[in-house]
Amino acid sequence: MIELSGLRKVYPSPGGDVVALDGIDLTVERGTVHGIVGRSGAGKSTLIRCLTGLERPTAGTVTVDGVTISDLPENRLRTARRKTGMVFQHVNLLDSRTIADNVAYPLEVAGVRRAQRAARVAELLDLVDLGHRASAYPAQLSGGQKQRVGIARALATEPAVLLCDEPTSALDGETTRQILGLVRDLRDRLGITVVVITHEPSVVRETCDAVTLLEHGRVVQSGTLAQVVTQVGSPLSRALVPVPDVPPGRRRRLVEAVFATDAVSTATAFGAVAGLGDDVEVLSATVEPLGALRVGRLLVDTPQERTDEVVARLRAAGLDPLAAPAGDAGQEVA
Ligand SMILES: Nc1ncnc2c1ncn2[C@@H]1O[C@H](COP(=O)(O)OP(=O)(O)OP(=O)(O)O)[C@@H](O)[C@H]1O
């Protein structure tokens with residue numbers, strides 16, 4: 001659905017050029033929610049602006065739903081932009097218009113007739129569960145409700161892609177959960193492709209099918225949730241399934257494995273360390289939900305000389321374990 005190839009964006013600035021995106025190759029599959037994460041300045045917003053065509057890449061291509069928007073002349077870009085809806089952290093609603101009229105606005109701009117508009121607006125407000133507030137004004141709504149209106153408005157022109165820039169950063173925990181639930185629901189009901197920029201691992205955990213980590217304008221790690229979390233020790237695995245607290249005690253060599261339970265059963269994974277003897281200690285064996293997945297983790301403390309044996313056992317069970325470097329034997333993994 002979205003293909004980025006060799007995407008590069010350089011901003012000239014008096015102090016020297018700023019390389020915001022430095023050769024991004026990325027595919028976002030149709031009908032999935034894809035998270036883009038990274039520290040401030042990593043290039044997330046620039047990436048989204050390139051996806052909307054608001055920003056022209058310095059090099060490389062951006063293809064959305066089969067159209068290479070980075071090559072389009074300005075006059076064709078406007079129509080192409082209707083393929084993407086945008087949702088921002090702070091929803092910019094027109095205060096003097098009702099909720100229904102706010103959602104109708106992009107349809108007016110697109111020249112949709114009044115009767116059709118009314119039907120579509122009713123449908124959109126129902127979709128975000130705000131049909132009963134159609135005649136309310138923005139000032140009468142909560143933050144979460146305003147965000148729902150923003151989402152309905154972004155969907156008005158039936159975009160194939162919904163781009164969300166920190167959609168829940170300004171919301172409390174419960175409202176965040178509701179909005180993320182709505183995003184998942186839209187993916188399932190409309191088959192829409194969603195790109196979510198976020199700095200919150202919880203947003204990725206609860207909503208995303210796949211995730212990409214950017215650093216200094218480059219892709220550091222990317223894949224489905226199952227792929228990135230099972231790359232044990234990788235930055236996204238650490239962020240999405242943090243190492244649990246384990247009881248303090250002596251540490252020899254730590255061996256860690258993370259697995260998705262639909263790939264390796266818990267019985268196989270946890271059974272792999274059974275019968276290794278008392279000097280190999282399981283510090284933690286957990287299973288937790290991660291979006292639609294269930295993710296297991298094994299943390300094993302082993303005598304230095306038995307590390308290879310433990311690693312081999314876990315590999316034979318289909319896991320991809322990581323032994324902490326020998327020098328770290330006395331440290332907690334974190
Ligand atoms: N219009 C611009 N002119 C010059 N430099 C820019 C411009 N826009 C962004 N940059 C620079 O490009 C880099 C990437 O910025 P970008 O806003 O894409 O990062 P980000 O990951 O979205 O950060 P944040 O999470 O803080 O929004 C930064 O170094 C930023 O200062």
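Before reading on, note that the structure itself is shown above.
Residues numbered from 1 in each chain as written. Predicted model: local features only at pLDDT ≥ 70, side-chain atom pairs only at ≥ 80, totals over all residues. Heavy atoms only, no water.

Q: Help me understand the sheet that holds strand β6 (residues 84-87) in this model?
A: Pairing between the strands of a sheet is mediated by backbone hydrogen bonds and can be parallel or antiparallel. The strand order across the open sheet formed by six strands is β6-β7-β8-β3-β9-β10, and the pairing between neighbours is mixed. The strands lining the two open edges of the sheet, one partner per strand, are β6 and β10 (218-224). The average angle at which neighbouring strand axes cross in this sheet is 15°, direction not considered. Bridge count between strand β3 (residues 33-37) and strand β9 (residues 210-215): four bridges; the pairing is parallel. By the bridge assignment for β9, G35 is matched with V211. (Pairing = 2+ DSSP bridges. Helix = DSSP H or I, 4+ residues; strand = E, 2+ residues; numbered from the N terminus. Axes fitted to C-alpha atoms, helices over the stretch in contact; angles between N-to-C directions.)

Q: Explanation requested: the pattern of salt bridges in the structure shown.
A: Pairing between side chains of opposite charge can happen when their charged atoms approach one another. The full count for this structure, using the stated rule, is 19 salt bridges. Note that R81 and E74 form a salt bridge whose closest N and O atoms lie 3.9 Å from each other. Residue E74 is classed as exposed on the basis of its relative accessible area, which comes to 51%. Here E309 ties to R306 by a salt bridge, and the two come within 2.9 Å at their closest N and O atoms. Judged by its relative accessible area of 37%, E309 is partly exposed. Looking at R306, the relative accessible area reads 15%, which means it is buried. Among the charged side chains, a network of salt bridges with common partners joins R8, D22 and R218. (Salt bridge = Lys/Arg side-chain N within 4 Å of Asp/Glu carboxyl O. Buried < 20%, exposed > 50% of the residue type's maximum accessible area, 1.4 Å probe, protein only.)

Read these as spatial facts, not as claims about activity.
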